[in-house]
Each structure stands twice: as C-alpha cells, then as structure tokens.
Amino acid sequence: MYPIGLLVGRPGSSMDNKTGSWRSDKKPKFLQKDCIACNMCFEVCPEGCISGNGKNTYIADYDYCKGCGLCAYVCPKKDIEMIDEGEEL
Amino acid sequence: MAVVADPKQNLFASGHTACAGCGQAIAAKIVATVSGKKTVIANATGCLEVFTTKAPQTAWRVAWVHSLFENAAAVASGVEAAMRYLGKIDEVNVIAQGGDGGTADIGMGSLSGMLERGHDILYVCYDNEAYMNTGIQRSGLTPLDSNTTTSPVGKRSRGNPRPKKPLLEIAVAHNISYAASASVAFLPDLKKKVEKALSYKGPKFLQVHVPCPLGWRHDSSLTIEIAKLAVETGLYPLVEYEYGKLISVRKIKVKPVEEYLKLQGRFRHVLKDEEALNQVREVAKANIERYGLAL
Ligand SMILES: Cc1ncc(C[n+]2csc(CCOP(=O)(O)OP(=O)(O)O)c2C)c(N)n1
Ligand code: SF4
Ligand code: SF4
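Just so we're clear, the structure is a prediction, and the values are computed from it rather than from any experiment.

K.L.:
Is there a simple way to explain helix 11 (residues 274-291) of chain B in this structure?
P.N.:
Every α-helix winds through 3.6 residues per turn, so residues three or four apart in the chain are directed the same way. Residue and element names in this part refer to chain B. Along its 18 residues, helix 11 runs 26 Å from first to last C-alpha, staying within 8% of the 26 Å computed at 1.5 Å per residue. Among the residues of helix 11, Ala276, Leu277, Val280, Ala284, Asn287, Ile288 and Tyr291 are the ones counted as buried. Along the axis of helix 11, the buried positions cluster into a sector of 120 degrees, meaning they face one direction only. For helix 11, exposure combined with an orientation more than 90 degrees from the buried face picks out Glu275, Glu289 and Arg290. As for helix 11, its buried residues are in contact with strand 7 (157-158), helix 6 (167-172), strand 10 (239-242), strand 11 (245-249) and helix 10 (257-261). Positive phi appears at Gly292, one or two residues downstream of helix 11, with a value of about 60 degrees.

K.L.:
Would you mind going over unusual backbone geometry with me for this structure?
P.N.:
For residues other than glycine, phi is negative in most cases, and the peptide bonds are mostly trans. Residue and element names in this part refer to chain B. Cis rather than trans, the peptide bond between Ala55 and Pro56 has omega equal to 0 degrees. With respect to the secondary-structure elements, Pro56 resides in the loop between helix 2 (47-52) and strand 3 (63-66). The residue Glu129 is not glycine, and still its phi comes out positive at about 65 degrees. Tracing the sequence through the fold places Glu129 in the loop between strand 5 (122-127) and strand 6 (153-154). Even without being a glycine, Ile136 presents a positive backbone phi close to 65 degrees. Structurally, the position occupied by Ile136 is in the loop between strand 5 and strand 6. Taking relative accessible area as the criterion, Ile136 reaches 17% and is therefore assigned buried.

K.L.:
Is there a simple way to think about the sheet that holds strand 2 (residues 39-43) of chain B in this case?
P.N.:
Pairing between the strands of a sheet is mediated by backbone hydrogen bonds and can be parallel or antiparallel. Residue and element names in this part refer to chain B. Pairing is mixed in the open sheet, where eight strands are placed in the order 3-2-4-5-9-8-10-11. If you trace the sheet from one side to the other, it starts and ends with strand 3 and strand 11, each paired once. Strand-to-strand, the axes of this sheet are offset by a mean angle of 20 degrees, without reference to chain direction. Direction of pairing for strand 4 (residues 93-99) relative to strand 5: parallel, over a ladder of five bridges. Note on strand 5: the bridge partner recorded for Ile95 is Leu122.

Thresholds, definitions, all that
By convention here, each chain's residues receive numbers from 1 onward along its written sequence. Ligands are numbered from 1 and chains lettered from A, in the order in which they are written. Where local features are concerned, this predicted model is filtered to residues with pLDDT of at least 70; where side-chain atom pairs are given and counted, the filter is 80 or more; whole-chain, interface and lining totals use all residues. To obtain the side-chain values, all non-hydrogen atoms of the structure were used and water was disregarded. Under the DSSP-based scheme used, a helix requires at least four consecutive residues in state H or I and a strand at least two consecutive residues in state E, with every element numbered from the N terminus. An expected span of 1.5 Å times one less than the residue number is assigned to each helix. Relative accessibility under 20% of the residue-type maximum defines a buried residue, over 50% an exposed one, and the middle range a partly exposed one, all with a 1.4 Å probe and only protein chains included. The arc in question is the one spanned by the directions pointing from the helix axis to the C-beta atoms. We call two residues in contact when some of their heavy atoms are within 4.5 Å. Between any two strands, pairing holds if DSSP finds at least two bridges. Only C-alpha atoms enter the line fits that serve as axes; for helices the fit covers just the stretch in contact. Angles between N-to-C directions range over 0 to 180 degrees.

See the structure below:
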C-alpha cells in the first residue's frame, strides 16, 4: 500500500481553529435595536460565524469573527457598529 | 416567520484561514451551501484550497478533493464518471472549482475537455483577478492596468498591459447548457445562478467576481462595495447564457470608472494617468455597448 494523501473524516473540523484571535483593531457590536432579521449579515459574513433567530437576536461568534466589518457595511438598518477591540460590548 | 440564521447550516465552516473580508470565502460558502450535502467538490490549488484545508482539518461539510493546480476539471470528470457508473449521478451534484489562474490559465485545457466531453458538472471560477495565493502575480483574468508583482507599475509600465481573457465567452463557445457571470455584491443573484446552473444537465460554468483585500489593496470592509462598483461601472457585466445564447443581462445606471478604481491600491496610478484612465473607460464602454448594459 502506498499512501494516497491525507484523508480527513471530520467535516467542518476547521472549527478547531479559533480565528477570532486574528482580530486586532475592530469588532462588530450587534445593537439589537432596529434589526429587521433580513439575514444579510449572516449571508455576507466570510467566516460564517453569525447566528440569529428573529429580529434583534443576531450576534457574531467572537471565537471566529475576524473583524472584517462587512456585516456592519451591509446592514440596511445600521444596527451593527464596528467598535474598538478593547471596548466593552 | 423569521428565517433562522444558523451557522451549522453553512456547508462551509468557520475557522478557515482566509484573510479578513475575503470575497472568495463568501462566494464559496454560498456555492457549497446552495449545492447541498450531496455534493462532491474537486478544488484546484489556490487560496480557496489552502485556506479551507489547513491539515489535518477541513472547513468543508461536503465531500471535497484536491489533487493539483491544473486538473480540478479532470478530477471532477472522473468523479462524475464514477457517480454515473454507480447510478448516483441524479442525486449528487459534482462541482469543480478554482481561482482565475487555476481556471483561465493552467487549468484551461482540462476545463475545455470537461466542457467538450459533456460531463454533468458545474465549474465555478472564483475570479479575484490574479494569482493571489503565491503573492499577486498577473493571470489571464487580471484587468488592464492592474498593478501586480509581475506587472509592476513604473516609469515604463502602467501595470498589466493586457485586457481580461474572455473566459465566459470561451466557455459559451463550447455550446454548454448554461454559463453565467456573478458577483459577491449580489448574493441573491449568485444563489439563483448556482441553483439554476445545477438544474441543467451536462456541463455548466459560473464565473464569480470576488474582491481580494490583500491583492487589490483595499480595506476588508469594502469587499462588497468594490464588487458592486465593478458591476455598476460596466467593468464586470453580469450576464447569463443558455446554449450559446445571451438570455439575461443585469442593467446598470452607469457610474464613472473612477469610483471603482479609487478604492483600490492596485489602480492608484491609473487615477494620475489620463491615458491609462481612458483605456479603462474604453473597456467599460465596450462592455456597456456589447451587452446593452445601460439603463
Ligand atoms: C503546477 C503548479 N504550478 C504552480 C503552483 C504554485 N501555486 C500554488 S497556488 C498558485 C496561485 C493560484 O492562483 P489562482 O488560481 O488565481 O487562485 P487564487 O489563489 O488567486 O485564489 C500557484 C501559482 C502549483 N501549486 N502547481
Ligand atoms: S466583522 Fe466580518 S467576520 Fe466578524 S461577524 Fe462581521 S462579517 Fe463576520
Ligand atoms: S489573499 Fe485574497 S483570495 Fe487569498 S485568502 Fe486573502 S483575501 Fe482571499
């Protein structure tokens, strides 16, 4: 038998990597005031780390969020704000 | 009833190692998720392969295979033939995917073979307009005048001297059932096109414009804005073809190309060079005329 390359049998196992540690500058604050549950932040997030279930419930998983700012950019209600990493949520 | 936004429904998991704001990550997440669990993806070498499969982990929640830079379409062809042999081709979506270099340059022959042989496969090209994973070298899909490490701007050079290769038209020339261009700036449209493509039998092709904050030199929060401006200036027409015939065009209220260029470091020199600027305007004008883009 020759090795045929790496076989990975754990779908989605990249979740082991907590890429939230990459964030250096800003993080998103989900204000949960004017949210209409349009789902646009969920769709756009390159990390796939936003969850929500109904209006004013959307939130990022900071273990993975890289602070790109795209959720805040697409939010039609301006209900996500990019704040300094050190600031309290 | 409200939609439930559940990250577990994405067939592309968190924890991958793409740069913050990577357009390709957004598009790949959508493509995999729309295709569904019964999907097999053959991926060419490139950022998407590297950032989703940091060994021994994977971001994919579908079957996924990587072999080489040049052969994603050939590997997918083998997967498709195997599915057909097993009588499973009607229940499984086979996808081949790669970057612009992997598709329009090094993988061109294998892509053409896949299209010509009539395999039931969707090929997706994530067009970030250069070889990003190895440090921003120009590809056949790098736009005119773009500053890359192999088309550097200097006294005797205004960046990449060639316009983009007409990749979509090359795919269309194979008389395939469906071929379209899409953009991360228009996600409902991208979803619709993936769904539609998968509803056709035989080979189909999708080219998706995906800004790369690192290579295009823009802030990570501008990925969507920039992709949108590419469409709205006429520089990236969103069109659909069915069996060689143009069936739809996204109409635009035309904006000046400067609005697109000024947000990106790779075009900074163009704004100070009237001749270069005119060249880019000509590219947009030709697209607008060719596809009747103007509203
Ligand atoms: C035959 C071969 N040549 C060169 C390489 C080195 N290489 C790895 S990724 C890459 C660039 C990929 O560029 P592209 O296909 O545009 O995808 P991107 O990284 O931009 O998403 C290159 C040149 C390789 N892996 N194999
Ligand atoms: S800042 Fe970027 S990575 Fe973080 S939740 Fe928003 S879109 Fe996702
Ligand atoms: S270099 Fe560009 S394409 Fe590659 S991961 Fe970073 S942003 Fe994405």
